[in-house]
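Summary of structural features
As a plain string of letters, each chain reads:
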Amino acid sequence: MKLQGTMKVNKNGHLEIGGCDTVELAKRFGTPLYVIDEALFRQNCRAYYRAFTEEHGVEVIYASKTLSNLAVCHMVEQEGLGLDVVSGGELYTAATARFPMGRVYFHGNNKSTEELRLALEYKVGRIVVDNFYELERLNELAGEAQTRAKIILRLSPGVEAHTHEYIKTGQIDSKFGLVIENGSAMAGVKYCLELPHIELKGFHCHIGSQIFELDSYAHAAETMMDFIHTVYRETDYLAEELNLGGGLGIYYFNGDQPRPVKEYADVMMRALQERAASYDLPVPRVIVEPGRSISGPAGSTLYTVGAIKDIPGIRKYVAVDGGMGDNPRPALYQSKYEAYIANRMLEEVEEKVSIAGKCCESGDMLIWDIELPAPQAGDLLVVASTGAYNYSMSMNYNRLPRPAMVLVSEGKADVIVKREDYTDLIRNDVIPERLRSSVMKLASSR
Ligand SMILES: Cc1ncc(COP(=O)(O)O)c(C=O)c1O
Ligand SMILES: N[C@@H](CCCC[NH3+])C(=O)O
């Protein structure tokens, strides 16, 4: 059993997070419930700030796609980090939280005109331009707004990270960024330098997510520095900034061995410094954008056990009141999670079961083959490490309302996202007049 952050087992044998008994949290707020350990979230921000900003002068921006809401934006700001947003919605959330816009980086491989306008209007720190189409449109929009857009260009460095196929991004065959190897990155730089309303500040790359091999970061840093040097030789343009993305892996399951943030910072920066020195070029201002390694371990999800189906000799299915709607990762990436019976933490593990969700979908399984004290209806199941890419990827499939989220710290629990109810589900539904009249006719003929 790996208890993370402020998790501990109290004298009643219940799991506590942030000094709050999870059984009490479930009673008070209902289940499924996302629980965010504030101390751990902040501790993870601080680990980055110390290792990157204090040690190496690197700007750390939190990838809000992992978990974004107003309270999270406030904590990130208080901890001195910037913000990576990847849509108008994430940008709007940051703006509403009054996040300093100069510290916001706006990503996306197909930003809409409205999103680009919003970014210019809010004066975000940098727009991370992904492709030629965006470059052209941004130049026009910045011209209309009589400004110059400060951009960095997203490049595809051709670095293969060892992670799940769907969460790799730095390889050549990817929808993101301009490829270095085939010359399109260089063409992009030259194009930027011709555009009157574009101010090119530097380059970006992101090699993937849930990465444990720090060598991949060193390799990416070297490849990007090689490109900076080639561009300088060919065009005289010297990049001031280099954003090396995020992606550090976290503990989900037995066998995952996360690398310390300090080691990540040192390995990456050493590689970059040595490569820059070999070209006799200055080290650019570096930015990193971690997400999962900040929010992931800080989140847990509480579920109530319901129906149990035993197929003797085959499998015991233990169904909970959530599933792929609040955590689509197991269904999408076969991700593995650890779980405990939160109301019986001190009991011996007794049997192997599989945890099913409640969606009408055979693939809605949260965990296959986990050993637990024999679960019973009414037990409280806690799934750990759900802070990243759970709430942010949640959905209303089967018209299931999304869970609430509470922030826990030192025995206090505050709702930071309200539970959806059925009225939220039909809020945007509209019955056109012609259907309305036929419904009325039907009703009156009955
Ligand atoms: C461009 C970019 N930056 C940062 C991140 C954050 O990655 P992670 O949550 O793995 O740290 C991602 C997600 O993979 C990304 O696509
Ligand atoms: N959503 C993925 C990671 C994608 C990273 C975003 N570029 C996950 O849950 O692991």
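Residues numbered from 1 in each chain as written. Chains lettered and ligands numbered in written order. Predicted model: local features only at pLDDT ≥ 70, side-chain atom pairs only at ≥ 80, totals over all residues.

**Things to note about the site of ligand 1**
Rule in force here: Only the C-beta atom, placed from the backbone, is used; a residue is near a molecule or strand if that atom lies within 6 Å of it. Under the scheme applied here, ten amino acids are nonpolar (Ala, Val, Leu, Ile, Met, Phe, Trp, Tyr, Cys and Pro), four are charged (Asp, Glu, Lys and Arg), and all others, including Gly, are polar.
Around ligand 1 lies a shell of 17 residues, among which Ala63, Ser209, Gly246, Gly291 and Arg292 are the nearest. Split by residue class, the shell around ligand 1 holds four nonpolar, ten polar and three charged.

**Side note on the domain arrangement of the protein**
Cut-off, in case you're wondering: Start and end positions for the domains come from either an automated domain assignment or a database one.
Domain parsing of the protein yields domain 1 (8-36 + 300-426) and domain 2 (107-290). The straight-line distance from the C-alpha centre of domain 1 to that of domain 2 is 36 Å.

**Notes on the sheet that holds strand E3 (residues 20-21)**
Applicable threshold: Two strands are said to pair when DSSP picks up at least two bridges between them. The helix count covers DSSP runs of H or I at least four residues long, the strand count covers runs of E at least two residues long, and both are numbered beginning at the N terminus.
Across the sheet, which stays open at both edges, the three strands sit in the order E1-E2-E3 with antiparallel pairing between neighbours. In the strand order of this sheet, the two ends are held by strand E1 (8-9) and E3, each with one partner.

**Things to note about the UniProt feature "modified residue: N6-(pyridoxal phosphate)lysine" (unreviewed entry) in the protein**
Stated formally: UniProt positions are given in the numbering used here, feature names are shortened, and annotations may be inferred rather than shown by experiment. Buried means a residue has 20 or more other C-beta atoms within 10 Å of its own C-beta, exposed means 12 or fewer, and partly exposed covers the counts in between; C-beta atoms are placed from the backbone. By definition, residues are in contact whenever their C-beta atoms, placed on the basis of the backbone, come within 7 Å of each other.
Residues given the UniProt feature "modified residue: N6-(pyridoxal phosphate)lysine" (unreviewed entry) here are Lys65. The residue Lys65 is located in the loop between strand E5 (59-63) and helix H3 (70-78) in this model. With 21 C-beta atoms counted inside 10 Å, the residue Lys65 sits in the buried group. Here Lys65 is in contact with Val86, Glu90, Gly291 and Ser392, once residues within four sequence places are set aside.

**Some points on unusual backbone geometry**
In this chain, Thr31 is followed by Pro32 through a cis amide linkage whose omega measures -10°. Within the secondary structure, Pro32 is located in the loop between helix H1 (22-29) and strand E4 (33-37). Despite not being glycine, Gln146 shows a phi value in the positive range, around 50°. Of note, Gln146 is situated in the loop between helix H6 (132-144) and strand E9 (149-156). For Gln146, a count of 7 C-beta atoms within 10 Å gives the class exposed. Its identity as a non-glycine residue notwithstanding, Arg399 has a phi of 50°, on the positive side. By the secondary structure assignment, Arg399 is in the loop between strand E19 (380-384) and strand E20 (404-409).

**A short note on the packing of helix H4 (residues 88-96) against helix H5 (residues 113-122)**
Relative placement of two packed helices is described by the angle separating their axes and the distance separating the axes. The cut-off we apply is this: To obtain each axis, a line is fitted to C-alpha atoms, and for helices this fit is confined to the stretch in contact; angles are then taken between N-to-C directions over 0 to 180 degrees. Relative orientations are named as follows: roughly parallel for angles under 35 degrees, roughly antiparallel for angles over 145 degrees, roughly perpendicular for angles from 65 to 115 degrees, and oblique for any other angle. Here is the rule for handedness: rotate from the far helix to the near one, and if that takes an anticlockwise turn smaller than a right angle the crossing is left-handed, while a clockwise turn gives right-handed.
Across the interface, H4 lies against H5 with an axial gap of 10 Å and an inter-helix angle of 25°. As the angle between them shows, H4 and H5 are arranged roughly parallel. Between H4 and H5 lies a crossing of left-handed hand. Within the contact between the two elements, H4 uses Gly88, Leu91 and Ala95 and H5 uses Glu114, Glu115, Leu118, Ala119 and Tyr122. For the contact of H4 with H5, the per-class residue count stands at five nonpolar, one polar and two charged.

**Thoughts on helix H13 (residues 433-445)**
Working note: α-helix, 3.6 residues per turn, so residues spaced by three or four point in the same direction. Put simply, the rule reads: By this rule, a helix spans an expected 1.5 Å times one less than how many residues it contains.
With 13 residues, H13 extends 18 Å between its outermost C-alpha atoms, agreeing within 8% with the 18 Å of an ideal straight helix rising 1.5 Å per residue. The buried fraction of H13 is low, at zero of 13 residues.

**Observations regarding the environment of Ala374**
Its place among the elements puts Ala374 in the loop between strand E18 (365-372) and E19. For the pair Ala374 and Ala277, spaced 97 residues apart in sequence, the C-alpha to C-alpha distance is 60 Å. The residues contacting Ala374, other than those within four sequence positions of it, are Glu350 and Glu351.

**A closer look at H5**
Where we set the bar: By construction, the arc corresponds to the directions joining the helix axis to the C-beta atoms.
Among the residues of H5, those classed as buried are Glu115, Leu116 and Ala119. For H5, the angular spread of buried residues about the axis comes to 100°, placing them on one side. Turned more than 90 degrees off the buried face of H5, the exposed positions are Thr113 and Glu114. Phi for Lys123, located one or two positions after H5, is positive at around 55°.

**Observations regarding the packing of helix H2 (residues 38-56) against helix H9 (residues 261-278)**
One can describe the packing of H2 onto H9 by two numbers: an axis separation of 8 Å at closest approach and a directional angle of 30°. Relative to H9, the element H2 is oriented roughly parallel. Note on packing geometry: the crossing formed by H2 with H9 is right-handed. The segment H2 lies against H9, with Ala47, Tyr48, Ala51, Phe52, Glu55 and His56 engaging Val261, Lys262, Ala265 and Met269. Class assignment for the residues of the contact of H2 with H9 results in seven nonpolar, one polar and two charged.

**Focus: the confidence of the model for the protein**
What counts here: What pLDDT reports is the predictor's confidence in each residue, on a scale of 0 through 100.
Averaged over the protein, the pLDDT score is 96; the fraction of residues at 70 or greater is 98%. For this predicted complex, the interface confidence comes out at an ipTM of 0.98, alongside a pTM of 0.96.

**Observations concerning the pairing of E5**
Burial analysis of E5 places five of its five residues in the buried class, the great majority of the element. On E5, burial covers both faces: Glu59, Ile61 and Ala63 on one face and Val60 and Tyr62 on the other are all buried. Across two bridges, E5 lies against strand E13 (residues 285-288) in parallel orientation. For Val60, the partnering residue across the bridge sits in E13 and is Val288. Pairing geometry for E5 and strand E6 (residues 82-85), over three bridges, is parallel.

**A few points about the environment of Tyr337**
Structurally, Tyr337 can be placed in the loop between helix H11 (329-333) and strand E16 (339-341). As for Tyr337 and Ile370, which are separated by 33 residues in sequence, their C-alpha atoms are 9.3 Å apart.

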